[in-house]
Amino acid sequence: MFEELKAQFILNFITDDRWMSLLRGLAVTLKVTFFAVILGFVLGFSVAIVRDVYENTKKLKVLNFLCNVYLTVIRGTPVVVQLLIIYFVIFSSIKIDKSIAAVLAFGINSGAYQAEIFRSGINSIPKGQMEAGRSLGFNYRQTMVNIIMPQAIKNVLPTLGNEFIVLMKETSVAGYIALEDLTKAGDIIRSRTYSAMMPFLAVALLYLIMVMFFSHLLKMFERRLAGSGR
Amino acid sequence: MKKKILTIALVGLMAASLAACGKASETQTSNAASESASDGKAESKSDGTAKIKTVEAGKLTLATNAEFPPYEYHDGDKIVGIDMDIADAIAKKLGLEVQIEDIAFDSVILEVTSGKADIGLAGISATDERKQSVDFSDTYTTSKQLIIVKDDSPIKGSKDLEGKTVGVQTGTTGDILASDIKDVKPERYDKGMDAVQALSQGKVDAVIIDSEVAKKFVEETSGLKVLDEAFADENYAIAIKKGNKELLDSVNKALSELKSDGTIDSIIAKYIKAE
């Protein structure tokens, strides 16, 4: 039993330096997640602002409409399909780096969810603060920048961190466009060794370790934030 | 309180429906088993094949990847192709009914080793590495790996592949060949067709895939051609779980009968037009 496990371990990880491909896959997963979250942050923040401006001032009507279309389409379709469309349809005649295609797909996807996170952050600040700001002579923009946003962002930071963790697991479908992320690396090992247990357990373990690590960071971060009240 | 009663009622209902399901399927399988048992008897009278134990009684469960024309592919809602016809012919000889499991190619052998399928029949080349995981039947046909490029590509042969990106299907012999070429970055797609599509969109420089499949893909996609140079011959065989000698022997027996009476040749001729 033990001997067999050892042989399996050697076959799946040591032979041909297969563990290296797991590490490379891990790096790809982290890279794609990181840049996708940033892209999602920019998109989500902008969308949330546009929608809030429209709600409060009735300006930017066209942009608000476009944002609503974006939210509906992205949240209404699976991320795998979006990824395939980006890679095989939108970039159909362009040789694009797969990582970039993946960052775009997951970033655009994440942006829709982050937009909702930001909106809930803005809505979490009592209306009275906006009214107070306006009655003190601030215009809408000044109130947003100086009073609402600093508090709103602080409120949503933990949720954004959570989005990072969720997105990291979601990128596991990147193998659909032959991007060798962590999951695909396990898949490739499996296709060579014809044993499923070791590669998949290793992949699962690596995801779990990453998630636990980032959750821990997040918790520490939240504790620090909690200290600085208004 | 009302909610609680409702919950209990629902749980009860679910349990009942589950039990009903279990019963229904039980009777179904036992029906199938008895049917095939009589089938098997009739068969064993005629050619003396012993009754074979399969994953599901009375059925020859077959793992394949139905995206590999002309060996196996979807035609309407059916899976057809050379391998499927051969499987039908073998199953007929064994007195079994074919049941197809369509799965990613790199999982076909796993289905067999983990005992979820009786045979793996997916244009599998019997390589030494694979022989460590499964037993193979006798060869039923041969194939070789070919290179597909764009019509205007500067690549003339395998030597020109150095330093290029090559699209392959994960876990195929083409994947293994490409990984062995110097400085080649293989891009591993789940489906052969995805690799070919990436080629026609200029995302990879070449695709290495089994010869008949390559010809089929090139036929269906404009702007692509197959290079004349081929890699070494490979033998397609049926994968069977290690140690299942009973099934291996009966499959081999059926195969040799099908070969000698010309069935296999006519099946292949049906799908591959002679050049």
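The structure displayed is predicted, hence computed values, not measured ones. (Residues numbered from 1 in each chain as written. Chains lettered and ligands numbered in written order. Predicted model: local features only at pLDDT ≥ 70, side-chain atom pairs only at ≥ 80, totals over all residues. Heavy atoms only, no water.)

1. Here we look at the overall build of chain A
Here is step 1 of the chain: Along its length, chain A carries 9 helices and 0 strands.
Here is step 2 of the chain: Its C-alpha radius of gyration of 22 Å places chain A more than 25% over the 17 Å reference for a compact globule of 230 residues.
Here is step 3 of the chain: Principal axes of the C-alpha set define a box for chain A whose edges measure 75 × 50 × 25 Å.
Here is step 4 of the chain: Within chain A, buried positions represent 44% of all 230 residues. (Helix = DSSP H or I, 4+ residues; strand = E, 2+ residues; numbered from the N terminus. Rg over C-alpha atoms; globule rule 2.2 N^0.38 Å. Buried < 20%, exposed > 50% of the residue type's maximum accessible area, 1.4 Å probe, protein only.)

2. Observations regarding the pattern of salt bridges
Here is step 1 of the chain: On inspection of all chains with the given rule, the structure shows 22 salt bridges over all chains.
Here is step 2 of the chain: A salt bridge links aspartate 106 of chain B to arginine 190 of chain A, with the nearest nitrogen and oxygen atoms 3.5 Å apart. Taken together, the residues aspartate 106 of chain B in helix α3 (residues 105-113) and arginine 190 of chain A in helix α8 (residues 182-193) connect one chain to another. Arginine 190 of chain A shares its class with aspartate 106 of chain B; the two are buried. (Salt bridge = Lys/Arg side-chain N within 4 Å of Asp/Glu carboxyl O.)

3. Considering the nonpolar core
Side chains that are nonpolar tend, in soluble globular proteins, to be buried together.
Here is step 1 of the chain: Phe106 of chain A together with Ile90, Ile148 and Ile238 of chain B are the most contacted members of the largest nonpolar core, which totals 73 residues.
Here is step 2 of the chain: If one sorts the elements of this core by residue count, helix α2 (residues 82-94) of chain B sits on top with 8 residues.
Here is step 3 of the chain: Formed jointly, this core draws a minimum of three residues from each of two domains, domain 1 (59-143 + 234-271) and domain 2 (144-233) of chain B.
Here is step 4 of the chain: Beyond its immediate stretch of four places on either side in the chain, phenylalanine 106 of chain A contacts Val32, Ala36, Val79, Leu83, Leu167, Glu170, Thr171, Val173 and Ala174 of chain A.
Here is step 5 of the chain: Counting 14 residues, the second-largest nonpolar core is a separate cluster that includes Met168, Ile189, Met198 and Val211 of chain A. (Core = buried A, V, L, I, M, F, W, Y, C linked by side-chain atoms within 4.5 Å. Domains from an automatic or database assignment. Contact = heavy atoms within 4.5 Å.)

4. Let's talk about the packing of helix α4 (residues 79-90) of chain A against helix α5 (residues 98-123) of chain A
Residue and element names in this part refer to chain A.
Here is step 1 of the chain: The N-to-C vectors of α4 and α5 enclose an angle of 135°; their axes lie 9 Å apart at closest approach. Considering the angle they form, α4 stands oblique to α5. The way α4 lies across α5 gives a crossing that is right-handed. The residues of α5 that touch α4, namely those facing Val79, Gln82, Leu83, Ile86 and Tyr87, are Lys98, Ala101, Ala102, Leu104, Ala105, Phe106, Ile108 and Asn109.
Here is step 2 of the chain: Each residue belonging to the contact of α4 with α5 can be placed in one class, and the counts come to 10 nonpolar, 2 polar and 1 charged. (Axes fitted to C-alpha atoms, helices over the stretch in contact; angles between N-to-C directions. Parallel < 35°, antiparallel > 145°, perpendicular 65-115°, else oblique. Left-handed = near helix turned anticlockwise from the far one by under 90°. Nonpolar A, V, L, I, M, F, W, Y, C, P; charged D, E, K, R; others polar.)

5. Examining the UniProt feature "transmembrane region" (unreviewed entry) in chain A
Residues and elements named next belong to chain A.
Here is step 1 of the chain: Per the UniProt entry, the sites bearing "transmembrane region" (unreviewed entry) are residues 28-49, 69-90 and 200-218 in this numbering.
Here is step 2 of the chain: Helix and strand shares over residues 69-90 are 86% and 0% respectively, and the end C-alpha atoms of the span are 18 Å apart.
Here is step 3 of the chain: Counting secondary structure, residues 200-218 comes out at 100% helix and 0% strand; the distance between its end C-alpha atoms is 27 Å. (UniProt positions renumbered as here; feature names shortened; annotations may be inferred.)

6. Things to note about the packing of aromatic side chains
Here is step 1 of the chain: Evaluated as defined, the whole model comprises 13 aromatic pairs over all chains.
Here is step 2 of the chain: Measuring from centroid to centroid gives 5.3 Å for phenylalanine 41 of chain A and phenylalanine 118 of chain A, while their planes differ by 80°, and the two rings are edge-to-face. With phenylalanine 41 of chain A in helix α2 (residues 18-57) and phenylalanine 118 of chain A in helix α5, this pair connects stretches of sequence that are 77 residues apart.
Here is step 3 of the chain: For phenylalanine 41 of chain A, a relative accessible area of 35% corresponds to the partly exposed category.
Here is step 4 of the chain: Phenylalanine 118 of chain A sits in the buried class, given a relative accessible area of 3%.
Here is step 5 of the chain: For the ring pair tyrosine 71 of chain B and tyrosine 236 of chain B, a centre distance of 5.0 Å and an interplane angle of 75° mean the geometry is edge-to-face. (Phe/Tyr/Trp six-rings, centres within 6.5 Å; stacked < 30°, edge-to-face > 60°.)

7. Some thoughts on the sheet that holds strand β11 (residues 206-210) of chain B
Residues and elements named next belong to chain B.
Here is step 1 of the chain: Spatially, β10-β9-β11-β8-β12 is the arrangement adopted by the 5 strands of the open sheet, whose pairing is mixed. Here the strands that pair on one side only, and so sit at the sheet edges, are β10 (185-189) and β12 (224-236). Taking each pair of neighbouring strands and ignoring which way they run, the sheet shows an average axis angle of 25°.
Here is step 2 of the chain: With 5 bridges joining them, strand β9 (residues 165-169) and β10 adopt parallel strand pairing. Bridge assignment links valine 168 to a residue of β10, and that residue is arginine 188. (Pairing = 2+ DSSP bridges.)

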